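Residue strings, one per chain:
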Amino acid sequence: MRSSFVLLFAVCAVWGGGVSSRGGGGAMAYDDETLFNKVPMIMAHDAASGYLGGGLINAWTKTQSAGMREQLDCGARVFDARPKLDEDKGLVWHHGDVTVDYQV
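Residues numbered from 1 in each chain as written. Predicted model: local features only at pLDDT ≥ 70, side-chain atom pairs only at ≥ 80, totals over all residues. Heavy atoms only, no water.

Draft legend 1. View of the packing of aromatic side chains. Enumeration according to the criterion identifies one aromatic pair in this entry. For the ring pair Tyr51 and Tyr102, a centre distance of 3.7 Å and an interplane angle of 0 degrees mean the geometry is stacked. Separated by 51 residues along the polypeptide, Tyr51 in the loop between β2 (42–44) and α1 (56–61) and Tyr102 in strand β6 (residues 98–103) bring together distant segments of the chain. Judged by relative accessible area, which is 25%, Tyr51 ranks as partly exposed. Judged by relative accessible area, which is 38%, Tyr102 ranks as partly exposed. (Phe/Tyr/Trp six-rings, centres within 6.5 Å; stacked < 30°, edge-to-face > 60°. Helix = DSSP H or I, 4+ residues; strand = E, 2+ residues; numbered from the N terminus. Buried < 20%, exposed > 50% of the residue type's maximum accessible area, 1.4 Å probe, protein only.)

This is how it looks when you write it as structure tokens:
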């Protein structure tokens, strides 16, 4: 059995510093008392699957249409990324039994 793990990481999340809710401008703001699980964030499930190529299996496996940089540009701030260690290629991504041939 190969070992793998799910890596969830937040990128560019505005946190702390007492962002004032009185700032206006229509943006949501939070103060130091706001719980992290109350901050809305766009999340990307199996984020690395955007690097999958064509083919029937990849089409069935793919949950994203772009790479992680493009997902970040579109507003995603949490990435469900699943790395695994491949004996030949080093650290790559995967989605279940399907290897995403894109090095970490």
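Draft legend 2. A look at the side chain of Lys84. Its location among the elements puts Lys84 in strand β4 (residues 83–86). Buried within the structure, Lys84 lacks any salt-bridge partner; its nearest side chain of opposite charge belongs to Asp86, at an N-O separation of 4.9 Å. At 2.7 Å, the side chain of Lys84 and the side chain of Thr99 are in polar contact. (Lys, Arg positive; Asp, Glu negative; His and termini not counted. Salt bridge = Lys/Arg side-chain N within 4 Å of Asp/Glu carboxyl O. Polar contact = N/O pair within 3.5 Å; in protein donor to acceptor, adjacent residues only side chain to side chain.)

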